[in-house]
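Breakdown of the fold
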Amino acid sequence: MERVYLDNNATTMVDPKVKQAMDPYYMQQYGNPNSLHSFGTEVHPEMSIALDRLYEGIGAADEDDIIINACATEGNNTVLQGIWSGKLKENRPFHLVISQIEHPSIAHTADWLESMGVRVTRLPVDEQGLVTPEILKEHVSRGSADLVSIMWANNETGLINPVQDLCRTAHDMGALFHTDAVQAVGKIPVNVGELGCDYLTFSAHKFHGPKGVGGLFVKRGAPPVSLLYGGEQMGGKRAGTVNVAYMIGMGLAMKLATDALDYENTKVRELRDRLEDALKRIPDTVILGRRENRTPNTILVSFKGIEGEAFLWDLNTNGIAASTGSACSSEDLEADATLRAMKLGADLAHTAVRFSLSRFTTDEEIDYTIETIRKVVQRLRSISSTYS
Ligand SMILES: Cc1ncc(COP(=O)(O)O)c(CN[C@@H](CS)C(=O)O)c1O
C-alpha cells in the first residue's frame, strides 16, 4: 500500500469536485467581485450559490449573517476580540467563559485577553471528558458571564459536547453563546436554528474544501463582531478582497459534506469501529472517550509503554499518517491541554495517538492499518524499557 492518510481532523484532501469547481476562478473568471465591470460582476452568481449552500449546510436563516474569512482561527478570534472591543467601547467589564479543552485559537486568545484585563473562566470537563450545563452553572453565577464559548466536538478525542443544553443555559444566565464547530461540520448534523447559538465557527479544510477559507455565523440581532477593517467587503464586517475561488470551493464542499452525512455516520463510522475494535484486541490499549459520544471518524488511543512520537514515526515509515493530539501542538512534547483536562495520567497522555478517517478512507486502508499497528506495537514494546 502506497500511503494511508488517517489525520483528517488536522486537514482533509480537497474533494476533486471542489477542485474542479474552483479552477475557472484563477485564469478565466478572475475579476475582483467588488469591481463594477463585467470581470467583477460575472462571479457574483456563483458566489451567491456558494453562500446559499453555506446557509443551507448549517441551517442558517436568511436574516442571519455568514462572514467569509480565512480560517477558524480568524473566526474564533473575531468573536472573542469582537465582543471584547464592544465592551471596551461601552467602558464595561468583559467576563469570558471557555472550557479547558478548547482549541488553542480559543484558549490562547483567552490567555491574551486575560493579559489585557478580561476575566476568563475556564470550565473543567467531567469524567467523560465533556463540558455540561451543570459544570457551567457550578462555575458561573447567573448574570456574571458575557460570552460562553464551548467547542461542539473536540479535535483530539472527537467527543461531542451537549451544546444545545449549554447554549440554553448560557442564555438563561444572560450570556451570549459561541461554539467552535470546526470538528462538527461535515461529521454530524449542524443546525444553528435548532441550536440557537449567537456565533458559530467553521473551516473549509476540515470538510474537503481548501485550506485558507472559513466561515463565521452571526445570528441576527447578535452584537456585530469584526477583526479586520478596510474595504466594504462582507458589508464592512470583514474587510479584504474575497477569495472567490475558495468561497465557491467552500460552498460546494459544504454541500457535498452535508449530502454525505449519512455516509459519514454509517460507512465511515463502521470503518472507524472496525479499526477501534482491532486496537482494543491489543493488550494494554486504552481508547479515550466513549464511542457513542464521539464524531464518527475519530479514535484517540493509548498503547501502554509506547511513546506517541515513536509510534507515529514507525507508522509514518510504513506510510500511515496519524497524529498525537492536534497537529498544531504536535511539536510540543508536553501532554496537551485537552488530555491534561481529562486528568489522564502522564503515561496515557504522552502515548495518545489520534486516528481520524474520512469519506475517502477505504476498507483496504483500514485492513493495512490494523496489520501494521499490530507489528509496530509488538516491535516497540519488545524494545521498551518500561513495558513488560
Ligand atoms: C476545533 C478546532 N478549532 C479551530 C481549529 C483551527 O482551524 P484553522 O482553520 O486551521 O484555523 C482547529 C484545527 N485543528 C487541527 C489543526 S490544529 C487539528 O489537528 O486538530 C480545530 O480542530
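From a predicted model like this one, the values you see are computed outputs, not experimental measurements.

Calculation criteria
Residues numbered from 1 in each chain as written. Predicted model: local features only at pLDDT ≥ 70, side-chain atom pairs only at ≥ 80, totals over all residues. Heavy atoms only, no water. Salt bridge = Lys/Arg side-chain N within 4 Å of Asp/Glu carboxyl O. Helix = DSSP H or I, 4+ residues; strand = E, 2+ residues; numbered from the N terminus. Buried < 20%, exposed > 50% of the residue type's maximum accessible area, 1.4 Å probe, protein only. Phe/Tyr/Trp six-rings, centres within 6.5 Å; stacked < 30°, edge-to-face > 60°. Expected span 1.5 Å × (residues − 1). Bend = angle between axes of the 7 residues up to and from the residue. Contact = heavy atoms within 4.5 Å. Domains from an automatic or database assignment. Buried area = accessible area lost by both parts, 1.4 Å probe. Polar contact = N/O pair within 3.5 Å; in protein donor to acceptor, adjacent residues only side chain to side chain. Nonpolar A, V, L, I, M, F, W, Y, C, P; charged D, E, K, R; others polar.

1. Some points on the pattern of salt bridges
Following the criterion strictly, the structure yields 24 salt bridges and no others. Linking D65 and K237 is a salt bridge whose minimum nitrogen-to-oxygen distance equals 3.1 Å. Taken together, the residues span a long stretch of sequence, with D65 in strand β2 (residues 65-69) and K237 in the loop between β8 (214-218) and α10 (244-259) at a distance of 172 residues. Accessibility expressed as a relative area gives 25% for D65, which makes it partly exposed. Taking the relative accessible area as the measure of exposure, K237 reaches 30% and is therefore partly exposed. The salt bridge partner of R122 is E114, with a shortest N-O separation of 2.8 Å.

2. A word on the packing of aromatic side chains
Within the structure shown, the criterion is met by four aromatic pairs. Ring plane angle 45° and centroid distance 5.7 Å describe the contact between Y30 and F39, whose orientation is recorded as tilted. Judged by centre distance (4.7 Å) and plane angle (40°), the ring pair of F303 and F311 falls under tilted. Both residues of the pair, F303 and F311, count as buried.

3. Quick word on helix α11 (residues 261-280)
Taking 1.5 Å of rise per residue, 20 residues should cover 28 Å, and α11 covers 26 Å from first to last C-alpha, within 8% of that figure. Most pronounced at R269, the bend in α11 amounts to some 35°. Those residues of α11 that fall on the buried side of the exposure criterion are L261, E264, V268, L271, R272, D273, L275, E276, A278 and L279. Check the buried side of α11 and you find it contacts α10, β9 (285-287), β10 (298-303), β12 (352-356) and α15 (363-382).

4. Section: the domain arrangement of the protein
The assigned domain composition of the protein is domain 1 (4-11 + 261-383) and domain 2 (16-256). Measuring from the centre of the C-alpha atoms in domain 1 to the corresponding centre in domain 2 gives 28 Å. Counting from both sides, the interface comprises 29 residues of domain 1 and, opposite them, 27 residues of domain 2. Interface area for domain 1 against domain 2, summed over the two sides, is near 2,400 Å², with a carbon-plus-sulfur share of 54%. At the boundary of domain 1 with domain 2, the tally comes to zero salt bridges. Remark: the boundary between domain 1 and domain 2 carries 10 residue pairs in polar contact (both at pLDDT 80 or more). Those elements that provide at least two residues to the side of domain 1 that touches domain 2 are α11, β10 and α13 (337-341). If one sorts the elements of the side of domain 1 that touches domain 2 by residue count, α13 sits on top with four residues. Its residues assigned to classes, the side of domain 1 that touches domain 2 shows 10 nonpolar, 13 polar and six charged.

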